[in-house]
Amino acid sequence: MHQFTIQPMFGTDAWNVGGYNLAFTNSALWMAISMVVLWVFVAGGMKRQLVPGRWQMAVESFTGFIDDMLEANIGKGGRKYVPYIFSLFMFILFANILGLLPLGVIGLHPFTFTSHFTVTGVLAIISFSIVLIVGFAKHGLHFFSLFVPHGTPVPMIPVIFVVELISFMVRPFSLGLRLFVAMMAGHVLLEVLSSFVIGSGNYSAGIFALAGIPSFILMVGICALEILVAGIQAYVFALLTSVYLNDAENLH
Amino acid sequence: MPQISQLAATYASQVFWLLIFFGLTYFVIGRGMVPKVMDTVAKRDKQISDDLAAAEAARTAADEQEEAWRKRENENRARAHDLIAEAKNKAALETEARLATAQTGIDAKLEEAEARIADARAKAAAEIEDVAAEATQSIVARIAGLNIDDAAARNAVRKELV
């Protein structure tokens, strides 16, 4: 569990503002790294050539991917959310992938800040707030009709309203917890398997052959799976946000 | 689990720095750079569709011009055809007219010649009559010793000659 521990860095543990400790931690450092790497990635695609190079093509395929996703989910009105969804998707994607880098080999400790529900929770709350703001700004109190699907029989309306309201209110939790759980589970799984490899190796050669080697082979596969999960979870977060935005934009 | 055990001590720093860095990501990258990237894509798409439309228009124009050229060509050919036919016709008419004038000239000359011949024949006949009448007068005078007048001799000759 050491890999999830937050440690203040560069002697900033005493940074307090209004009673809140705002130390620049390893988590904050990796947020900064994710942002900078993302900035470098996008900046590399800003040559604005008519015939794009490989890097520009890569960046344009990501923006095109987000654009297509929003258009498919929301329609023409989805265009204005591209900056937000792009930032969200790429920030989470880069955080997930950078957290998986085997930097321990050269003595550094990568930190996956998306495995902290404080972080994923804040991102989920931001997305949820945008949904609420857009929904109420666009439809006013009519936004509540979202909780009464078309064709609901009149006597059922109060019950359905409550059920739909609860499912709506659960959204930020499911959004934030899904990412946190997926990232943490993957990292814990890798850690458990690697502890098998090392523990069995320390015990005896026979146990190492029996448990250590299969665990190691399994780890290789799980590492590949984790890279996939890193992408999928970022995608799911962005996709669900755009689905929720569709509710706010178009109601049902 | 550090996420829970460190929650009270670290949540403020986590939230604060996340807002800072995600905010920077959103405002600098999301709002600053992404629209430019998408603008480039949109421009390229526009250029491609414009080029395609221009090519299509050029092809249509070329087709139209070819059609017009073909039409003009056909007209020219038809006009040339007409011109040739007209010239032929005119030439034939002219030839006919000239032939007709030549024919009338020839006919006139022939008539004149025939008239002259007839005239000459009549004159010759008259001369022969004169000569024959004179000869008859002198023959009658010598043989019979009769002196017949000119009119009687001429009558007798005319009876014999016809």
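Conventions adopted
- Residues numbered from 1 in each chain as written.
- Chains lettered and ligands numbered in written order.
- Predicted model: local features only at pLDDT ≥ 70, side-chain atom pairs only at ≥ 80, totals over all residues.
- Heavy atoms only, no water.
- Salt bridge = Lys/Arg side-chain N within 4 Å of Asp/Glu carboxyl O.
- Helix = DSSP H or I, 4+ residues; strand = E, 2+ residues; numbered from the N terminus.
- Buried < 20%, exposed > 50% of the residue type's maximum accessible area, 1.4 Å probe, protein only.
- UniProt positions renumbered as here; feature names shortened; annotations may be inferred.
- Phe/Tyr/Trp six-rings, centres within 6.5 Å; stacked < 30°, edge-to-face > 60°.
- Expected span 1.5 Å × (residues − 1).
- Bend = angle between axes of the 7 residues up to and from the residue.

Visitor: It is not clear to me how the pattern of salt bridges should be interpreted in this structure. Could you clarify?
Guide: Pairs may arise between side chains of opposite charge once their charged atoms sit close together. Using the criterion set out here, one finds 13 salt bridges over all chains in the structure. The partner of B:Glu56 in a salt bridge is B:Arg59, with the nearest N and O atoms 3.3 Å apart. One end of the pair is B:Glu56 and the other is B:Arg59, both in helix H2 (residues 7-143) and 3 residues apart, which spans about a single turn. Residue B:Glu56 is classed as partly exposed on the basis of its relative accessible area, which comes to 42%. Put simply, A:Lys80, A:Lys138 and A:Glu249 are held in one network by salt bridges that share partners.

Visitor: Please explain the UniProt feature "transmembrane region" (unreviewed entry) in chain B as it appears in this structure.
Guide: Here, the residues flagged by UniProt with the feature "transmembrane region" (unreviewed entry) are residues 15-34 of chain B. A helix fraction of 100% and a strand fraction of 0% characterise residues 15-34 of chain B, whose end C-alpha atoms lie 25 Å from each other.

Visitor: Would you take a moment to explain the packing of aromatic side chains for this structure?
Guide: Here a ring pair, both rings aromatic, is described through the centre-centre distance and the interplanar angle of the planes. Residues and elements named next belong to chain A. Inspection of the entire model under this criterion finds 22 aromatic pairs over all chains. Summarising the aromatic geometry, the rings of phenylalanine 147 and phenylalanine 161 are spaced 5.5 Å apart at their centres and angled 90 degrees between planes, so their arrangement reads as edge-to-face. Highlighted residues: phenylalanine 147 in the loop between helix H4 (117-139) and helix H5 (157-203) and phenylalanine 161 in helix H5, separated in sequence by 14 residues. Among the aromatic residues, ring-to-ring pairing joins Phe41, Phe62, Phe65, Phe89, Phe94 and Tyr235 into one connected group.

Visitor: Looking at this model, I keep getting lost on helix H6 (residues 205-250) of chain A. Mind explaining?
Guide: Owing to its 3.6 residues per turn, the α-helix brings residues three or four apart onto one side. Residue and element names in this part refer to chain A. Over its 46 residues, H6 extends 63 Å from the first C-alpha to the last, a length consistent with the 68 Å expected when each residue adds 1.5 Å. A maximum bend of about 30 degrees is found in H6 at glycine 212, where proline proline 214 lies one to four positions downstream. Taken from the residues just after H6, leucine 251 is the one with a positive phi, measuring 50 degrees.

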